[in-house]
Each structure stands twice: as structure tokens, then as C-alpha cells.
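One letter stands for each residue in the lines below.
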Amino acid sequence: MILDIDIIRSFYKSLPGRIDEIRKLLGHPLTLTEKILFTHIVNRSGISGLRRKENYADFLPDRIAMQDATAQMALLQFMVTGKEQSSVPASVHCDHLITGKFGADEDLKSALEMNREVYEFLSSVCGKYNIDFWNPGAGIIHQVVLENYAFPGGLMIGTDSHTPTAGGLGMLAPGVGGADAVDVMTGMGWELKLPEIIGVRLKGRLNGWTSAKDIILKLIGMFTVKGGTGSVIEYFGDGAESLSCTGKATICNMGAETGATCSVFGFDASMSEYLVSTARGEVAELAFRNKDSLTGDPEVYADPEKYFDHLYEIDLSSLEPYINGPFTPDRAIPISRMKEEVLKSGCPLKISAGLIGSCTNSSYEDISRASSVIENALSQKLSLKSEFIVIPGSERIRTISEEAGFMEIFRKAGAKLFANACGPCIGQWDRGSIDDMKVNTIIHSFNRNFAKRADGNPDTYAFVASPEIVAALSVAGNLLFNPLTDLLFNSERDIVKLPEPSGRALPQEGLKPTLSGYQQPPADRTNIDIKISPDSERLQLLEPFKDYDELDFQNMPVLIKVKGKCTTDHISMAGIWLKYRGHLENISENYMTGAFNSFNGKINSVLNVLSGNYEPVPKVARTYRNNGLSSVVVGEDNFGEGSSREHAAMEPRFFGVRAIIVKSFARIHETNLKKQGVLTLTFINNSDYYKIREDDWIDINGLEQLSPGRKLKLTLNHSDETVEYIEAGHSYNENQISWFKAGSALNLIRKSK
Ligand code: SF4
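Residues numbered from 1 in each chain as written. Predicted model: local features only at pLDDT ≥ 70, side-chain atom pairs only at ≥ 80, totals over all residues. Heavy atoms only, no water.

### Description of the overall build of the chain
Okay, step 1: What the chain contains, in helices and strands, is 26 helices and 29 strands.
Okay, step 2: Over its C-alpha atoms, taken along the principal directions, the chain stretches across nearly 75 × 60 × 55 Å.
Okay, step 3: Relative to its full complement of 753 residues, the chain shows a buried share of 63%.
Okay, step 4: Nonlocal contacts in the chain, meaning residues at least 24 apart in sequence, comprise 76% of its contacts between residues at least 6 apart.
Okay, step 5: Roughly 26600 Å² of accessible area belongs to the chain as shown, and the carbon and sulfur atoms make up 48% of that amount. (Helix = DSSP H or I, 4+ residues; strand = E, 2+ residues; numbered from the N terminus. Buried < 20%, exposed > 50% of the residue type's maximum accessible area, 1.4 Å probe, protein only. Contact = heavy atoms within 4.5 Å. Areas by Shrake-Rupley, 256 points an atom, 1.4 Å probe, with all protein chains shown as cover.)

### Considering the sheet that holds strand 20 (residues 518-519)
Okay, step 1: Pairing is mixed in the open sheet, where five strands are placed in the order 5-2-3-4-20. Looking along the sheet, the strands with just one partner apiece sit at the ends: strand 5 (156-158) and strand 20.
Okay, step 2: Of the strand pairs in this sheet, strand 4 (residues 132-134) and strand 20 are connected by two bridges, and their pairing is antiparallel. In the strand pairing of strand 20, phenylalanine 133 is matched with glutamine 519. (Pairing = 2+ DSSP bridges.)

### Structural notes on the pattern of salt bridges
Okay, step 1: All chains considered together, the criterion is met by 39 salt bridges.
Okay, step 2: The partner of glutamate 113 in a salt bridge is arginine 116, with the nearest N and O atoms 3.0 Å apart.
Okay, step 3: Given the relative accessible area of 54%, glutamate 113 is considered exposed.
Okay, step 4: A salt bridge links glutamate 313 to arginine 201, with the shortest nitrogen-to-oxygen separation between them at 2.8 Å. In this pair, glutamate 313 is assigned in strand 10 (residues 310-315) and arginine 201 in strand 7 (residues 196-203), connecting sequence segments 112 residues apart.
Okay, step 5: Each member of the salt-bridge network shares a partner with another, and the members are Glu395, Arg398, Glu402, Glu408 and Arg411. (Salt bridge = Lys/Arg side-chain N within 4 Å of Asp/Glu carboxyl O.)

### Things to note about the packing of helix 11 (residues 269-277) against helix 12 (residues 281-289)
Okay, step 1: Contact geometry of helix 11 with helix 12 gives a least axis separation of 7 Å together with a crossing angle of 155°. In this view, helix 11 runs roughly antiparallel relative to helix 12, as classed from their interaxial angle. Residue-level inspection shows Ser272, Leu275 and Val276 of helix 11 in contact with helix 12, the latter providing Gly281, Val283 and Ala284.
Okay, step 2: Along the lines of polarity and charge, the residues of the contact of helix 11 with helix 12 split into four nonpolar, two polar and no charged. (Axes fitted to C-alpha atoms, helices over the stretch in contact; angles between N-to-C directions. Parallel < 35°, antiparallel > 145°, perpendicular 65-115°, else oblique. Nonpolar A, V, L, I, M, F, W, Y, C, P; charged D, E, K, R; others polar.)

### Comments concerning the layout of surface pockets
Okay, step 1: Considered as a void within the structure, the largest pocket measures approximately 940 Å³ in volume.
Okay, step 2: Taken together, 38 residues make up the lining of the largest pocket; nearest its centre are Lys452, Asp455, Gly456, Met573 and Gly575.
Okay, step 3: Across the lining of the largest pocket, the residue classes tally to 17 nonpolar, 11 polar and 10 charged. (1 Å grid on protein atoms, 1.4 Å probe; cavity = no way out; pocket = protein on both sides within 12 Å on 5 of 7 lines; lining within 4 Å. Points joined across faces, edges and corners; volume = space filled by probe spheres on them.)

### Some details on the nonpolar core
Okay, step 1: Within the largest apolar cluster, 181 residues are counted, with the highest numbers of intra-cluster contacts made by Tyr12, Leu202, Phe388 and Phe410.
Okay, step 2: Listed in part, the 26 residues of the second largest apolar core include Phe553, Val634, Leu714 and Leu716. (Core = buried A, V, L, I, M, F, W, Y, C linked by side-chain atoms within 4.5 Å.)

### Side note on a negative patch on the surface
Okay, step 1: A contiguous patch of negative charge on the surface is contributed by Asp549, Glu550, Asp552 and Glu704.
Okay, step 2: Turning to its location among the elements, glutamate 550 is positioned in the loop between strand 20 and strand 21 (553-561).
Okay, step 3: What makes glutamate 550 partly exposed here is its relative accessible area of 49%. (Patch = residues over 30% accessible without salt bridge, like charges linked within 9 Å, V, L, I, M, F, W, Y side chains within 5 Å. Lys, Arg positive; Asp, Glu negative; His and termini not counted. Charge placed at Lys NZ, Arg CZ, Asp CG, Glu CD.)

### Notes on helix 3 (residues 68-81)
Okay, step 1: Helix length check: helix 3, at 14 residues, gives a terminal C-alpha distance of 20 Å against a target of 20 Å (1.5 Å per residue), a fit within 8%.
Okay, step 2: Counting buried residues along helix 3, 12 of its 14 residues qualify, which places the element largely inside the surrounding structure.
Okay, step 3: Listing the buried residues of helix 3 in full gives Asp68, Ala69, Thr70, Ala71, Gln72, Met73, Ala74, Leu75, Leu76, Gln77, Phe78 and Thr81.
Okay, step 4: Where helix 3 starts, the residue carrying a side-chain oxygen 2.8 Å from the main-chain nitrogen of alanine 69 turns out to be glutamine 67. (Expected span 1.5 Å × (residues − 1). Polar contact = N/O pair within 3.5 Å; in protein donor to acceptor, adjacent residues only side chain to side chain.)

### A short note on the packing of aromatic side chains
Okay, step 1: Inspection of every chain in the model, using the stated rule, returns 22 aromatic pairs.
Okay, step 2: Chaining the aromatic ring pairs together yields one cluster made of Phe11, Tyr12 and Phe151.
Okay, step 3: Seen from the ring of phenylalanine 11, arginine 18 lies directly overhead, with NZ or CZ sitting 5.2 Å from the centre.
Okay, step 4: One Lys or Arg, lysine 663, reaches over the ring of tyrosine 689 and ends 4.6 Å from the middle of that ring. (Phe/Tyr/Trp six-rings, centres within 6.5 Å; stacked < 30°, edge-to-face > 60°. Lys NZ or Arg CZ within 6 Å of the ring centre and 35° of its normal.)

In C-alpha cells, the structure reads:
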């Protein structure tokens, strides 16, 4: 066990006492979310004055997890603080930079070659600052965290939006930007606006073709991609207890798709079994002894309307499999309605590829159930009609799946096995030249299906489903196939029906511990040298952003007014750009290159008001900056939804974008922008979005008096010499205003050193 058991022992020892104190302070029974949050709050005595969705508070997380794409910038920022080591246990996982093409061995070899410089940097930085390092091939961050570090009742932050996966093991685990991780690594509290708590009661039991994935696919359809914003989703009920720990983790993982801060389940027998199976028997025992502290109080679950801000219920017994898509995970389609919906959508019915695995769905249970579908198909003389790709979440899962014979079944059917890494889930899928790519349909068990997300091709229609449904549809090769009702012709022209999948939550002998790829920081770290070549294209030492000479934001052109959805993929694309995550100047060349300009409906084509020409966004941004001009970005709803990547916030700051004005922000992106010193504003009247013209010059007045809740006035100076005024709101608290005034949160840390 690499988890520090002394820390865990002392955590559980004091837990019941701390919870009693909180119950007394609040004077009512507690949800699990309140128990976890308030046992980690910096100022416990002040909790009775805190209002959900109104007040900010500082928390002290137990751990930090970072993946290689976001860790580079987080650690480059940490180096700027001058601290000697991370104040809390932390880990870095090399999973995002491995491209899937030929298969695990070959792909891993070329990743090691291509990314050597980055891996060496991360390995040495981790050694120097006392951080656990997981080499490429060891697994995907959330799976490795679940197998090794997560524990019930804990609070963890991670520089990846699917960090909430650890909620499957009873941990509150929000995804954050790298700057938040830097705060915590330097010993500061982690700031969060107190979330609302959404209760979801699960009743009944899953059966047949349905799986935990279908619960969250249905819920995302109910909530939409922003319905969970500013909330923690807490699951309870007999249905919750009937799910495996890894099934719960899948649900918590994809809770991020509703915009929720994180999701959590209370401790139960499935978590205990998982802890024992992953060689953490003592943690299971300690958690069992404290089980009342690790779930909501009985009064809360008996009368949930009274204690949750919102309440939903899902009956697992009547749930059917879902297929969500295309292009957004909240377009939830029950499989019985798939035929009519797909025929309306006009996407190709033939499935070019089915992919299973990723951090979302690569548990032993997922792999065993998907392999049972393929095994049943083979025994009925059916074969795969689509390309089929398996991506194990960790080396531990890969090894046990190999030993159990699941991988052999996949290989026998002609499937390709990719490395234990993100691969196609984050655009790291080499399907050949983009020019050769055609309009096509894929189905996968990952969590996101935004345009271009898997393969960079805007014409790939991606659908999300459970691994067993992906396997069945890959056998049929057709999006219209419903394995619950439909029949197939086999190679002998007999009509056959696929039996329901079968599998086990965990192998009888347990998930054998393997620390393959794990690197412990050395005891003596004094002589570790961190080298970054000045000629490097991948890594660049950070220069702190300058603070604002004066808070006088005048005469700013509109860099882009974005139309419609603007995810972090639109703002700072992944795929080929992942390689520049440690080099701010180079990665900034992708700024807003995926967003639609509302004035001409085009991507990466905006008016340069100095030349009068339409040019790529980064070129115009650079021109403005080089001419001493600041600029403004305008957007619509849920701006910056998607990932936690802070490059999407550092790039505008690098280019001199001073303010971003939108109808609403996604939580992590808004915080990231605030941390980097970009002013985040929201329209008081959403219709004012339409008043902003392409060649406007904008002034923002009253910034010297910026204070919580105080509105700001914007002047729109139109080119026809008319002037309009609009109002903007903001969500800054006093602390965040001090980040803004210092030029960035990091500047403030450096000043207080
Ligand atoms: S969601 Fe995809 S890209 Fe993100 S950690 Fe999981 S596998 Fe990797």
C-alpha cells in the first residue's frame, strides 16, 4: 500500500468527534457532503453563517492528483513560488500524451520517444518536490487514484475534470485548475463557493443489459450539461448500495458532464470489498468502524426533501440502456427510441469503430461484461462488424483482464488493444490523415463526445454508451441495433440473439497489487536538478504575468464574440496541441481556434480592426498585444464547460485579453480565469450580447471600486460614433479581487512569501 496509513489512521481517529461538533454547530442532521466538506474546512467555527451558492470558504484537501498534460503548467507555476516541497501528498500520472494507433506496445514505445523531454521533466520535478510519479503505461489518473489513493470520507482535488471519479469510493474529489493545486501545494486553503447539494435516490436493482453507466447517461439527459453547476450530487438509497464500487465511480466520473462540482456515494459493503480487493484491508477496516461518519445521517435519507436543495429519483429496475449523442453527452436516448431518433439525426448508421475503456469504464466489471458479449457473439458464429478498440484504465486492470482471458477473447475477435492511457478519449487517436477522414459514426464508453474530441474530425458522429452496449453494437456494426429485442444473421445465415451480458464486480482472487510504473520520490532530494532547455518547443519556464499598472480598461477591441457552445476544447484544443501544454507561448497559437465567430459564422476567422482583414484568432490577438492594445472576448452560456485545463485561461491572459463577458461561465473555467487575472463578467441582461458589434471599442468603468456584488458599467463605442451602455455582474469575493488586483493569484502568493 502506497497510501500513508498513519495519515489515514489519524484521520479516522478524530473523524466522529469532528462530525459531532459540526452537527452541534449546524443544529441539524448532516448529509455526507456536509460531513466531508466541513471536516476539511479551515474555519470550522464559522460554518453556521455559510449559505450555499452564496459564500466562499477555504478547505484543506487530503491529496492532490495531476495528469501529465495539466501537471506541466501546474508544476511550472509551483516552481515560481519558491517552495521546497508540496505541503500535501500529491501524485502525477502520465496518461494523456500517448497516441493510440498500432497497439499498446508500439504506441507506448513511440510515446516514450516523442515525449521523453516532458516525462523527464515531470519525473525530476516530482522527485524534487516529494510527489509520487506514475510513468507512462501505468494507467489513467482516475483509475490509478481509485486503486491506490482514494479513501472514504477524504477530500481530494485534481487537475482534471474527472477527478470526481473517486466519489465512487466515498471521497469528495472536485476537478480544479492547476493554479488551485498550486495554492494547496504551497499550504494555502483551497477556495470553493459552498455548493448546493442535490440528492439522487436510487431504488431497485439493475438487470439484464443495463449498467451503472445507464444511470448517469439518463441523469445527464435530465440535468443537461449545466444542470449540476455549483452543486455536489449525493447518491443514496437501496439502489446505490446494490451497485459495485467501480459502477459508482463511473457515475461520479460522468457527473462532471452535468457541470457538478463532484458526486459522492456513502460508504457501504461494495467499497469495503473494493478496498480489500486492492490490498487496502486496513483502510476498509477503519472505514467500517467509522461507517456512520462516512454516510449521510439516517434522518437525512428518511426525509431527503428537507435536507437536499433538489431531489431526484431513478428506479434501476425499470431503467433501460441509454445511448447519448451525437456531439453532446446530454442528448440522452433510451435504446428503445434510438431508431426513430437516429433516423431523424441524419448521421451514418454504419458504425466505423466501437471503443471501450478509458477512466470512465474500464473496471474489471466493465471489461468482463463487454468480453462476455464478444464471447457470446463468437460462440454464435457472429463477428465484429466495426473496428473494436479496448483501452484498459490501468496496468492492474490490464494484467487481471489478461489473466482472466478477457483480452484473449477481444484479440480473437480482431480487437485492437491500446495502451493504458487516455488515447482516443482526448483526441490522441491516429486514424490517418484528417484529409482522408469521412463522415462517420463511432460509439464509445468514454464520457465526452464533443465534435472532434476523439479523432479531430468534425464529421465524426460520436455516441456514448456502456461497454456492453458498445460491444453489442460493434458486433452488429449498426446504430439501429437494439440487443434487447433485435436478432442478427450469423456467418451461417442462422438467426441468433445475443444473450444478456454477464460479469463480476471483482475477481475472486482480488485485483493483484502492481506498482509497475510507480516512482517514489527519493529520501534525499537536494541534488535533483530540473533542466529545461531554452530551445525546447515543449517546455518553457514561466514568467509571472505583470500586474495591471492601473485599473483603467479603456479602448479595447473585441477579439471574438463566440456563437453558441464554447467548451475548453473550442478555447484551447487538445489533440495535437497536447504536446505544448508545458510551453505557454507555443500552445497559445491554438487560442479560440475552435470557436465560432458570431459575426461571420466562421471558425478561426475574426476581424482585425487595425488592418480591416479577417485573420486567425491567435494572429489578431498577437497583433493587438504587440500594438499595446488589450482586448475583450464575448461569449454565451456555460462558457468554458468541459475540462479543467488552465491553458484556456492562461492563453487569453498571455495575449492581453483583459475581460471575458458572457451569459454564464462553467465553474472551473471561471475560477481559472480569475486566478490568471482575467476579469470575468456576466451580462445582467443576456440580450446585451447582441448589442456588442464586431468593430466596437469597449471601456470597462469603475474597476477601482470593484467589490463583491457591485455591478460594473461597460461602454460600447460603436464605429458609427454612437455609444451604448450595458451593465455587467461578477462573482468575485474579496480574496479573488485581490488576485485580480495583483495581476494573478500566483503573484499574490509570491508577494506573501
Ligand atoms: S476523461 Fe478521457 S482524457 Fe480525461 S482522464 Fe479520463 S480517459 Fe483521460
